[in-house]
Amino acid sequence: MKQQILAACAAFALTLLSGAASAATVVDDASLGKLDQGGNWLGYGRNYTEQRYSPLEQINAKNVSKLGVAWTLDLPNDRSLTATPLVVDGVMYFNGSYNVVHAVDVRTHKEIWTYDPKTIEHAGDRATIMWDWNRGIAFWKGHVFIATVDGRLISVDAKTGQPAWSVETIDPKNPLFISGAPRVFRDKVIIGNGGTEWGPARGYVTAYDTATGKMAWRFYTVPGNPADGFEDETQAMAAKTWTGEWWKHGGGGTVWHGITYDPEFNRVYIGTGNGSPWNQKMRSPGGGDNLFLCSVVALDADTGKYVWHYQTTPGEAWDYNSNMDIVLTDLKIDGKPVKALLHAPKNGFFYVIDRSTGKLLSAEKFGKVDWAEYIDIKTGRPVERKGARYEDGEELVWPGPFGVHNWPAMSFNPDTGLAYIPSIEMAGMFSDKYTKPKAWESPSFKFDPGVDFLREDGPADWGAAFLRAWDPITQKLRWEVKLPGVWNAGTLTTRGNLVMEGRADGVLVAYAADTGKSLWEMPLGLGISAPPITYEVDGKQYIAQLVGWGGSMTATGGSLSAQHGWAYGAQPRRLVVFELDGKAKLPPMPPKAFAKPLAAPEFTVYAELAKRGSHVWSQSCGMCHGPAGTAGGYAPDLRASPVLLDEKALHAIVFDGALKERGMPQFKNISKDDLEAVRHFIRREARKQNLTPQG
Ligand code: CA
């Protein structure tokens, strides 16, 4: 009897405890579907709309000039920081380099736990195609979900930082990797991958059960080999838009970024990638639209079955993927309410789509574009310019492969009705005059998109950048601000009439959302590549910004990126949090640093070897160390490195993996002769007139 009473008392005490705990936020469909999240930032794009709009307005256009530093957290083990942090009940969660997840108490500014999924170790030889950055994590019912660069999806207990389950989402034999954030809905977590430039890639997304990691469904974005039989009638339908033996090169269409869940229709919209390879002459030699490349595809969230698609770039040939943000809102167009989907992909057109049907409502250029004249609204198809497909072997086309808008986040403010787009103006020279399309073969863990790319560095003013405020109803530019360089970060917008964006030159800026007037700015000592977020705790609003130069342009931008002075390892990485009247000091900021190429006159350069080295470089080295050896800050500038002058040291690093743990992979697929050719190539480049302005 006594025991029973004790047990009853214990049960009652537990009820009380869980009663107290029920004040805690449950991150599920209800909370992710709401605009008001109780001061939290619960999902990648904040809530299901992916608008990155916060209703907080304590910090606003009238008082933002008083914004100051509240606290900082140094992140000495991190390099690239591109992620959107989440905030759940006073704890901030974010992922840094190589998917290490940090949980930080925003009241004490101390780390509660970190979780290291040992990405480099797990990736093994596959590390040659991977980078150290990832754009975000998901949160669902007490668990954090991370997708690792090497392709795992892991559920981590948000309280303890201990893994609950882990699944492989890609075949490790395939040259695929993950840089994107998973999304969650209805007890499912969904993830895609990237890697179309490194081998034959067939794109897909997979949804898993959040509790167990069991696969729920998978959708392929391009059809496989007809001889193997199609998965369903959707794949058979898509196959009619392909020619030749496309499956040999995989097709492409990887889903590496934009995924949006729409609770109103219980659908998932996925943004699909470019072709594998980019060059349609190899991929689908008889032409065709090549579904579902460069599209927004709507899928049933419960089954993964196809509902509708809209293809932005039929038969793509320029890396114009449609992986960019997919933002949901309600608009009034010609007096009629519309369930709208907003999408500003690489190809430079801003699309407004009726998401109930997938019908295109309008599409206009939001930057410099000349691959197509316009989008025919009746057919929904682009009217292309003659020559744009480099039919004759070479053509300068706007935009280039980086697009008019890349993954840095677009936000949408329902108060101003404007979308805020970090945009790029940059042409690309597309050439296949030295490649024979018929003889071309897919690479294997080497960069080769079937078009000459990244062989040369360009001048520092090759591209330009703007923050553009775009009106989706009138399809007109409302305001724009010129930005430094080309690689500026994603945006945040708030009910306080603010837009905030970090820049390539390391300055965080607040603008009036309605007019674009600059209201406040602060240099943070390093190029910013992550979007800011805002949260409220104990009744006070804060802005949080991860500071750590990262993303593809920091690796492949050459002088465009090197001009900012964020040389590899020169500046510390950190989290900076702001408040009104914040008085904390930023830790010291080391000066800008620029690579000083070594001429090394004792080294004799053989022209033939240097030429061969250029090819090896663009396939195996340039994607991290930069075009023609000009590093943008992601990896060391090898023109300035004494290691290239020391054959033994170089072999130890490249062949034996001496710096593996620091992220420099071991290369088993480069020959000694090829590496020697690289030494000649780099020395040749080091002696060229340096295009990078010296600070
Ligand atoms: Ca691509």
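Refer to the preceding data block for the structure.
We now turn to the structure provided with this report. Within any chain, residue numbers begin from 1 and follow the written order of that chain's sequence. It should be noted that, the model being predicted, local features are given only for residues of pLDDT at least 70 and side-chain atom pairs only at 80 or more, the latter also being counted only at that level, while totals for whole chains, interfaces and linings use all residues. Note that the side-chain values use all heavy atoms of the structure and ignore hydrogens as well as water.

Turning our eyes to something else, we now look at the overall build of the protein chain. A helix here means a DSSP run of H or I that spans at least four residues, while a strand means a run of E at least two residues long, and both kinds are numbered starting from the N terminus. Scanning the protein chain for helices and strands turns up 11 helices and 39 strands. Our radius of gyration is a C-alpha quantity, and the globule rule it is checked against amounts to 2.2 Å times the number of residues to the power 0.38. For the protein chain, the C-alpha radius of gyration of 25 Å lies close to 26 Å, the compact-globule estimate for 695 residues. By principal-axis analysis of the C-alpha atoms, the protein chain measures approximately 90 × 60 × 55 Å. Looking at the protein chain residue by residue over its 695 residues, the buried ones come to 64%. Whether two residues are in contact is decided by their heavy atoms, any of which lying within 4.5 Å being enough. The contacts of the protein chain with a sequence gap of at least 6 include a subset with a gap of at least 24, amounting to 64%. Using a 1.4 Å probe, the Shrake-Rupley method yields the accessible areas, and only the shown protein chains count as cover for residues. When the accessible surface of the protein chain is totalled, it reaches about 25700 Å², and 54% of it is carbon and sulfur. None of His or the chain ends enter the tally, which takes Lys and Arg as positive and Asp and Glu as negative. The atoms used to mark charge sites are NZ of Lys, CZ of Arg, CG of Asp and CD of Glu. Averaging the positions of the 73 positive and the 76 negative side-chain charges in the protein chain gives two centres separated by 1 Å. Think of it in three bands: residues with accessible area under 20% of the maximum for their type are buried, residues over 50% are exposed, and the middle band is partly exposed, with areas taken using a 1.4 Å probe on protein chains only.

A separate point is the pairing of strand E12 (residues 188-191). What you see with E12 is no split at all: Lys188 and Ile190 on one side and Val189 and Ile191 on the other are buried throughout. Where strand E11 (residues 183-185) and E12 come together, 3 bridges link them in antiparallel fashion. Paired with Val184 across the strands is Val189, a residue of E12. Between any two strands, pairing holds if DSSP finds at least two bridges. Hairpin remark: E11 followed by E12, antiparallel, with 2 residues in the connecting loop; positive phi at Arg186, about 45°. Examined bridge by bridge, E12 and strand E13 (residues 204-209) share 4 bridges and lie antiparallel to one another. Following the sheet pairing, Ile191 is matched in E13 by Thr206.

Our next topic: the nonpolar core. Side-chain atoms within 4.5 Å link the members of a nonpolar core, which is a set of buried Ala, Val, Leu, Ile, Met, Phe, Trp, Tyr and Cys residues. Grouped together as the largest cluster of nonpolar side chains are 164 residues, with contacts concentrated most on Tyr93, Phe350, Tyr535, Leu575 and Phe578. Apart from residues no more than four positions distant in its own chain, Leu575 is found in contact with Trp71, Thr72, Leu73, Leu75, Met92, Phe94, Ala544, Gln545 and Leu546. The next biggest cluster of nonpolar side chains, apart from the first, holds 17 residues, and it includes Ala628, Met664, Ile670 and Phe681.

Our next topic: the pattern of salt bridges. What counts as a salt bridge is simple: a side-chain nitrogen of Lys or Arg found within 4 Å of a carboxyl oxygen of Asp or Glu. Applying the stated criterion across every chain, the model contains 33 salt bridges. A salt bridge links Arg639 to Asp637; the shortest N-O distance between them is 2.8 Å. Considered together, Arg639 and Asp637 belong to a single accessibility category, that of buried residues.

This brings us to the side chain of Arg135. Within the secondary structure layout, Arg135 lies in the loop between helix H3 (119-123) and strand E7 (138-140). No salt bridge is formed by the buried Arg135; its nearest oppositely charged neighbour, Asp325, is found at 8.5 Å. Counting of polar contacts relies on pairs of N or O atoms within 3.5 Å, with two restrictions inside protein: one atom must be capable of donating a hydrogen and the other of accepting it, and residues adjacent in sequence are counted only when both atoms are side-chain atoms. At 2.9 Å, the side chain of Arg135 and the side chain of His257 are in polar contact. In this structure Arg135 touches Tyr44, Thr82, Ala83, Thr84, Asn95, Ser179, Gly180, Ala181, Trp256, His257 and Trp407, once residues within four positions along its chain are discounted.

With that settled, consider the sheet that holds strand E23 (residues 349-354). Neighbouring strands of a sheet are bound in pairs by backbone hydrogen bonds; such pairs are parallel or else antiparallel. On the basis of which strands lie adjacent, the open sheet formed by 4 strands has the order E21-E22-E23-E24 and antiparallel pairing. Bordering the open sheet on either side are strand E21 (326-333) and strand E24 (359-365), each of which pairs with just one other strand. The mean inter-strand angle of the sheet, taken between neighbouring strand axes irrespective of direction, is 30°. Relative to E24, E23 runs antiparallel, the two being bridged by 6 bridges. Its bridge partner being in E24, Val352 is matched across the sheet by Ser362. Inter-axis angles, ranging from 0 to 180 degrees, are taken between N-to-C directions of lines fitted to C-alpha atoms, where helices are fitted over the stretch in contact.

Attention shifts here to the sheet that holds strand E10 (residues 163-168). An order of E7-E8-E9-E10 is seen for the 4 strands of this open sheet, with the pairing classed as antiparallel. Each having just a single partner strand, E7 and E10 make up the two edges of the open sheet. On average, each strand axis in the sheet is inclined to that of its neighbour by 20°, with strand direction left out of account. Summarising the sheet, strand E8 (residues 143-147) and strand E9 (residues 152-157) pair through 5 bridges and their orientation is antiparallel. What sits directly across from Val144, in E9, is Val156.

Okay, the coordination of the calcium ion next. Distances up to 2.8 Å from the metal define which N, O and S atoms are donors, and 3.2 Å serves for Na, K and Ca; water is absent from the atom set, so sites may look incomplete. Donor atoms from the polypeptide that coordinate the calcium ion comprise Glu197 (OE), Asn274 (OD1) and Asp319 (OD), at 2.4 to 2.5 Å from the metal. In terms of primary sequence, the donors binding the calcium ion are separated according to E-x76-N-x44-D. Of this pair, Glu197 sits in the loop between E12 and E13 while Asn274 sits in the loop between strand E17 (267-271) and strand E18 (275-276); the two residues are 77 residues apart in sequence, bridging distant segments of the chain. A relative accessible area of 12% means that Glu197 is categorised as buried.

Right, let's get into unusual backbone geometry. The step from Ser276 to Pro277 runs through a cis peptide bond, and the omega angle for that step is 0°. Its location among the elements puts Pro277 in the loop between E18 and helix H5 (280-283). Look at the link from Trp398 to Pro399: it is a cis peptide, with omega at -5°. Despite not being glycine, Glu50 has its phi angle at roughly 60°, a positive value. Along the chain, Glu50 falls in the loop between helix H2 (29-32) and strand E1 (53-54). Its relative accessible area of 10% is what places Glu50 among the buried residues. Located in the positive-phi region is Asn290, a residue other than glycine, with phi close to 60°. Residue class for Asn290 comes out buried when judged on its relative accessible area of 0%.

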